[in-house]
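Residue-level structure breakdown
Letter by letter, the chains look like this.
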Amino acid sequence: MDGQFTRINGTRTSKWPEVINTIRSKRIGILALQETHLTDESLASLQQFHGRDAVILNSADPDRPSASAGVAFVLNRQLIDTADAKATTIIPGRAYALTLTWYGSEKLTMLNVYAPNQPSNQPAFWQEIVATWTRLRLPRPDFMGGDCNHVEDQLDRAPMRYDSDNATEALRDLRYELRIHDAWRNDNPTERMFTYRYQNPRGEWCQSRLDRIYSAVGHETNLFEWANDRPSITTDHDLITVRYAPRSAPQLGKGRWTWPLRLLSDDHMMSAVVEKGLVLQEAMKHPLTNKQLLWKDYKE
């Protein structure tokens, strides 16, 4: 699994080909987006156009869907089974849960969040997530990620400073209730990785790690290849990714090339195959030929 947590400001549907290209090129199974600005009509249009490649699940702001908030999951059909994927709105446009079958019968639950910008609004936001999660009796999430608009550690800001104590306490209460933690920070206690950069009113450049992926306690040994970089999608936040391999997953090799099955119905293609096959068949009748080399050449 890969998760990306960033913004796309989805009122411009021209950005969505970039989104689909990103999940293809980076082989992202599950993509989480914030501030999507999608109306129901826009979502239906996008799903019709890109439905062959991806499933798009979106929770919109109920009051201003095309101008405010919005969180979404984009599921790569080429990599994961989307048949039983189920999304649940926790806070419209702000918190969205996804549950699906990841491998075999193993279920995976994710929470995608886009926290308010104002620190004074954040305690109520985190508390509402916990209350709604408990009321709906959802399974504890394997992952929570998104734009938290808040940092828990002063190391995650440059220049360094602490954020609101009330917001920090509410977020930590949520982590305790949902049994999730900042796995990257635990593995990198002194490192700095920033996902958002801006100029303050004095013209000074500031950086912060607003975008984070939290994981369930116990997943630490199954997470690898943490990364952040500038995505091809036009956004002011970095792309955050991590790969996840559950203990029950098999060891997979590089695989092998195959023909698309539709070629079996291509008369021109099959005629050429048969024609070359007849030539091969005749060549193999000669006792001095190397039949393995002839077979290799035929396949190439």
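Residues numbered from 1 in each chain as written. Predicted model: local features only at pLDDT ≥ 70, side-chain atom pairs only at ≥ 80, totals over all residues. Heavy atoms only, no water.

This paragraph deals with the sheet that holds strand E12 (residues 205-208). Strand order across the open sheet formed by three strands is E9-E12-E11, with antiparallel pairing between neighbours. If you trace the sheet from one side to the other, it starts and ends with strand E9 (157-158) and strand E11 (196-199), each paired once. Relative to E12, E9 runs antiparallel, the two sharing two bridges. Bridge assignment links Ala-158 to a residue of E12, and that residue is Gln-207. (Pairing = 2+ DSSP bridges. Helix = DSSP H or I, 4+ residues; strand = E, 2+ residues; numbered from the N terminus.)

Turning next to the sheet that holds strand E6 (residues 95-103). Taken in spatial order, the six strands line up as E5-E6-E7-E8-E13-E10 in an open sheet, and their pairing is mixed. If you trace the sheet from one side to the other, it starts and ends with strand E5 (86-91) and strand E10 (180-181), each paired once. Both E6 and strand E7 (residues 106-114) contribute to a ladder of eight bridges, which runs antiparallel. Residue Thr-99 lies in a different strand from E7, and its bridge partner there is Thr-109. Relative to the sheet, helix H3 (residues 122-136) contacts E5, E6, E7 and strand E8 (143-147), its axis offset from that of E5 by approximately 135°. (Contact = heavy atoms within 4.5 Å. Axes fitted to C-alpha atoms, helices over the stretch in contact; angles between N-to-C directions.)

Before going further, it helps to spend a moment on the nonpolar core. Core analysis: the biggest nonpolar cluster contains 23 residues, and Ile-30, Phe-73, Leu-75, Leu-100 and Leu-108 have the highest contact counts within it. Judged by nonpolar contacts, the second largest core, of 20 residues, contains Ala-115, Trp-126, Leu-174 and Leu-178. (Core = buried A, V, L, I, M, F, W, Y, C linked by side-chain atoms within 4.5 Å. Buried < 20%, exposed > 50% of the residue type's maximum accessible area, 1.4 Å probe, protein only.)

Leave glycine aside and you will find that most residues have negative phi; peptide bonds, for their part, are mostly trans. Ala-158 connects to Pro-159 through a cis peptide bond whose omega is 0°. Mapped onto the elements of the fold, Pro-159 is located in the loop between E9 and helix H4 (165-178). Here the phi dihedral of Glu-225 falls at roughly 60°; this positive angle occurs in a residue that is not glycine. Relative to the assigned elements, Glu-225 resides in strand E14 (residues 223-229).

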